[in-house]
Amino acid sequence: MVNNAGITRDATMRKMTEEQFDQVIAVHLKGHLERGRRRPRQFMRENKRGAIVNMSSISGKVGLAPDDYSAAKAASSV
């Protein structure tokens, strides 16, 4: 399973709505943890095999714009 989901709303934090920010965080963090780890892990346990590859972005390491994307990628790469 390759865990590589992500979205951005291409706005600075000053211009971004809270709803837009929540959407980005939900896809990156909830998607990463719930759909990208927990559900596949259950399937892999039942089948006694499998692998999960988590992808991130350099934006999560160095804080590039847009802010929402970088913050979400940094949190999901932990």
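Residues numbered from 1 in each chain as written. Predicted model: local features only at pLDDT ≥ 70, side-chain atom pairs only at ≥ 80, totals over all residues. Heavy atoms only, no water.

## Considering the overall build of the chain
Along the chain, the regular secondary structure elements total 3 helices and 2 strands. Ordered by position in the sequence, the α and β elements of the chain form the string β-α-β-α-α. Burial status across the chain gives 26% buried among its 78 residues. Summed over its atoms, the accessible surface of the chain is roughly 5500 Å², and 53% of this surface lies on carbon and sulfur atoms. Between the centroid of the 14 positive side chains of the chain and the centroid of its 8 negative side chains there is a distance of 11 Å. (Helix = DSSP H or I, 4+ residues; strand = E, 2+ residues; numbered from the N terminus. Buried < 20%, exposed > 50% of the residue type's maximum accessible area, 1.4 Å probe, protein only. Areas by Shrake-Rupley, 256 points an atom, 1.4 Å probe, with all protein chains shown as cover. Lys, Arg positive; Asp, Glu negative; His and termini not counted. Charge placed at Lys NZ, Arg CZ, Asp CG, Glu CD.)

## With respect to the side chain of Asn 3
Along the chain, Asn 3 falls in strand 1 (residues 2–3). Aside from chain neighbours lying at most four places away, what touches Asn 3 is Gly 31, His 32, Gly 36, Val 53, Asn 54 and Met 55. (Contact = heavy atoms within 4.5 Å.)

## Re the environment of Glu 46
Note that Glu 46 resides in helix 1 (residues 18–47). For the pair formed by Glu 46 and His 32, sequence separation is 14 residues and the distance between their alpha carbons is 21 Å.

## Considering the environment of Gly 31
Within the secondary structure, Gly 31 sits in helix 1. The class for Gly 31 is buried, based on a relative accessible area of 13%. Separated by 27 residues in sequence, Gly 31 and Asn 4 place their C-alpha atoms 9.4 Å apart. Excluding residues within four positions of it along the chain, Gly 31 makes contact with Asn 3, Ala 26 and Gly 36.

In short, shape yes, function no, at least from these values alone.
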